[in-house]
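# Geometric and topological summary
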Amino acid sequence: MSKLPKLLVVTEWTPQAAGGGPAILRQMLQDYPKDQLSWWSCLPETPSVPDRYSAPIPSRLYPHRRLIQGKSLLLERFWVPLAQRHLSHLIRTLKPEAIWHVPHKWAIPIAHSVLLPERRKLHVTMQDYMDMTANLPLLGTARAHRFARMADDLYLGAETRDATSHPMIEDLLGRTGAAAAQMLHAGLEEEDFEELQRTPPSIPEIRIAYAGTIQVESTFALFLTALQACRDSLPGKVKLIFFGNHRYSSAPWFDSAWMEERGHLSLPELHVQLRDCSWGLSVMALNDDARYNRYSFPTKFISYLAGGLPIFTLAHSESSVYQMAAKYGVGFETSSAEKELLTAQMRAAFSDPEAKKKFRPAVLHCARAEFDAGKMRAILQQCCEKCASTDSRE
């Protein structure tokens, strides 16, 4: 470990931020020597983290719900130049041997200006495309496309790179000509693989887990409608359990008689509680929202694998998550938007009391082949070492 280079992480997120993206970085860095690691971000966080540096966007100016256009213009005119100077000064002061950047929203214009001149030190991980539909109202269409082009520049200009799904890696290779070192995402640790070797216990209830944020409300609403239609005809009591930072108990569709919130949990605790569930639910848009569906990959899918759950996937057939689920046969996947058909499919899937045992070999195969955290960390560290050795020869 002592030979690993001095690394500076540059992201929009703070080290302890909620969400799948920050969780991936924390997992990949968990064995990295702390005295060799620093982190720059542009979102505020309390309490502060040692060796964390920031040029925080004032919380009232962050474009989220209201006055998005005006706030964005203020950020670009006044905050972005200040943040660029802050990061440039930090790099001159810390003299990192390698820099790891994840292009995400407002960190992108900072990184594009400051990190491209440092390209020999740079490793870039592409997690999401900034011009996907969900970002358009948050950034504005023109700015979202501009940020997406900047992210492509960073990906192409980096010394080493990776991305979040196989379709994204292929798309980036076709558009930029730059090859990725690996698919980098959340992964399973050896203790998770050991748990998957054990015979799963029988569960009297049908416990369906949903981890994380509901990104596509229309598809989720369709799932709820179909589940309501078959719930009373299933062979056991149904419980829909939500895990994550976002709360849904005040939503008009939430029914505490058969729904439950368990909040945000640490990754190990999440995996423990998922093992007591029957199925994991993965939902993406049913329309062909290609910039999200085909290229982004939900972290919840990997959490379900770690929990040993068969996965019910409701998504467009060309989406990355549908393709992964179908390739390995880890549960039941459908792209049906027809309520009656979806209801019949759910009834068939959720009526199988042996589903966890039946799909366990496929779950283990998928997890080991695609989401081995130890292997991903090793390749990431090799990329950092390559960045440091390349820069030292310049």
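Residues numbered from 1 in each chain as written. Predicted model: local features only at pLDDT ≥ 70, side-chain atom pairs only at ≥ 80, totals over all residues. Heavy atoms only, no water.

### Let's talk about the packing of helix H8 (residues 217–231) against helix H13 (residues 339–350)
Between H8 and H13, the least distance of the axes is 8 Å, while the angle of their chain directions is 65°. For the crossing formed where H8 meets H13, the hand is right-handed. Residues Leu-222, Phe-223, Thr-225, Ala-226, Leu-227, Ala-229 and Cys-230 of H8 form the contact with H13, whose participating residues are Lys-339, Leu-342, Thr-343, Met-346, Arg-347 and Phe-350. Taken together, the residues of the contact of H8 with H13 break down into nine nonpolar, two polar and two charged. (Axes fitted to C-alpha atoms, helices over the stretch in contact; angles between N-to-C directions. Helix = DSSP H or I, 4+ residues; strand = E, 2+ residues; numbered from the N terminus. Left-handed = near helix turned anticlockwise from the far one by under 90°. Contact = heavy atoms within 4.5 Å. Nonpolar A, V, L, I, M, F, W, Y, C, P; charged D, E, K, R; others polar.)

### Looking at the pairing of strand E2 (residues 37–41)
For E2, the buried fraction is high: five of the five residues fall into the buried class. The two faces of E2 match: Leu-37, Trp-39 and Ser-41 on one face and Ser-38 and Trp-40 on the other face are all buried. Crossover connection from strand E1 (residues 7–10) via helix H1 (residues 20–28) to parallel E2: handedness right-handed. (Buried < 20%, exposed > 50% of the residue type's maximum accessible area, 1.4 Å probe, protein only. Right-handed = clockwise from strand over helix to strand, strands pointing away.)

### Some remarks on the nonpolar core
Counting residues in hydrophobic clusters, the biggest one holds 134 residues, and the most contacted among them are Phe-301 and Phe-350. Element by element, the count of residues in this core is highest for helix H2 (residues 68–94), at eight residues. Excluding anything up to four places from it in sequence, Phe-301 contacts Ser-282, Ile-311, Thr-313, Val-321, Met-324, Ala-325, Val-330, Cys-366 and Phe-371. (Core = buried A, V, L, I, M, F, W, Y, C linked by side-chain atoms within 4.5 Å.)

### Points about unusual backbone geometry
Not every positive phi belongs to a glycine, and Lys-95 is a case in point at roughly 50°. Relative to the elements of secondary structure, Lys-95 occurs in the loop between H2 and strand E4 (98–101). Residue Lys-95 is classed as exposed on the basis of its relative accessible area of 57%. Here the phi dihedral of Lys-105 falls at roughly 45°; this positive angle occurs in a residue that is not glycine. Here Lys-105 lies in the loop between E4 and helix H3 (107–114).

### A few points about the packing of aromatic side chains
Applying the stated criterion across every chain yields a total of 19 aromatic pairs. Members of the aromatic cluster, each reached through a chain of ring pairs, are Tyr-210, Phe-220, Phe-223, Phe-242, Tyr-248, Trp-253, Phe-254, Trp-279, Phe-312, Phe-332, Phe-350 and Phe-359. Lying across the ring of Tyr-155, Arg-161 places its NZ or CZ 5.7 Å from the centre. For the cation-ring pair, Arg-368 lies above Phe-193, with the distance from its terminal atom to the ring centre recorded as 3.6 Å. (Phe/Tyr/Trp six-rings, centres within 6.5 Å; stacked < 30°, edge-to-face > 60°. Lys NZ or Arg CZ within 6 Å of the ring centre and 35° of its normal.)

### Points about the pairing of strand E10 (residues 279–283)
Burial analysis of E10 places five of its five residues in the buried class, the great majority of the element. Here E10 shows two buried faces, one formed by Trp-279, Leu-281 and Val-283 and the other by Gly-280 and Ser-282. As paired strands, strand E7 (residues 206–211) and E10 are joined by two bridges and run parallel to one another. Bridging across to E10, Ala-209 finds its partner in Gly-280. (Pairing = 2+ DSSP bridges.)

### Examining the sheet that holds E10
On the basis of which strands lie adjacent, the open sheet formed by six strands has the order E9-E8-E7-E10-E11-E12 and parallel pairing. Edge strands, defined here as strands with exactly one partner in the open sheet, are strand E9 (259–263) and strand E12 (331–334). Each strand axis lies, on average, 20° off the axis of its neighbour in the sheet, ignoring direction. Docked against the sheet, helix H12 (residues 320–328) engages E10, strand E11 (311–314) and E12, running at close to 140° with respect to E12.

### Topic: the side chain of Arg-360
Mapped onto the secondary structure, Arg-360 falls in helix H14 (residues 355–370). Engagement of the side chain of Arg-360 in a polar contact is seen with the backbone oxygen of Leu-196, the distance being 3.4 Å. The contact partners of Arg-360, leaving out residues within four places of it in the chain, are Glu-195, Leu-196, Arg-198, Pro-200 and Gly-308. (Polar contact = N/O pair within 3.5 Å; in protein donor to acceptor, adjacent residues only side chain to side chain.)

### A short note on the state of the cysteines
Tallied over the entire structure, the rule returns zero disulfides. You can see Cys-230 has no disulfide; the closest cysteine sulfur is in Cys-277, sitting 17 Å from it. The buried category is assigned to Cys-230, whose relative accessible area is 0%. Of all cysteine sulfurs in the structure, the one in Cys-277 sits closest to Cys-366, which takes part in no disulfide; the separation is 19 Å. (Disulfide = S-S within 2.5 Å.)

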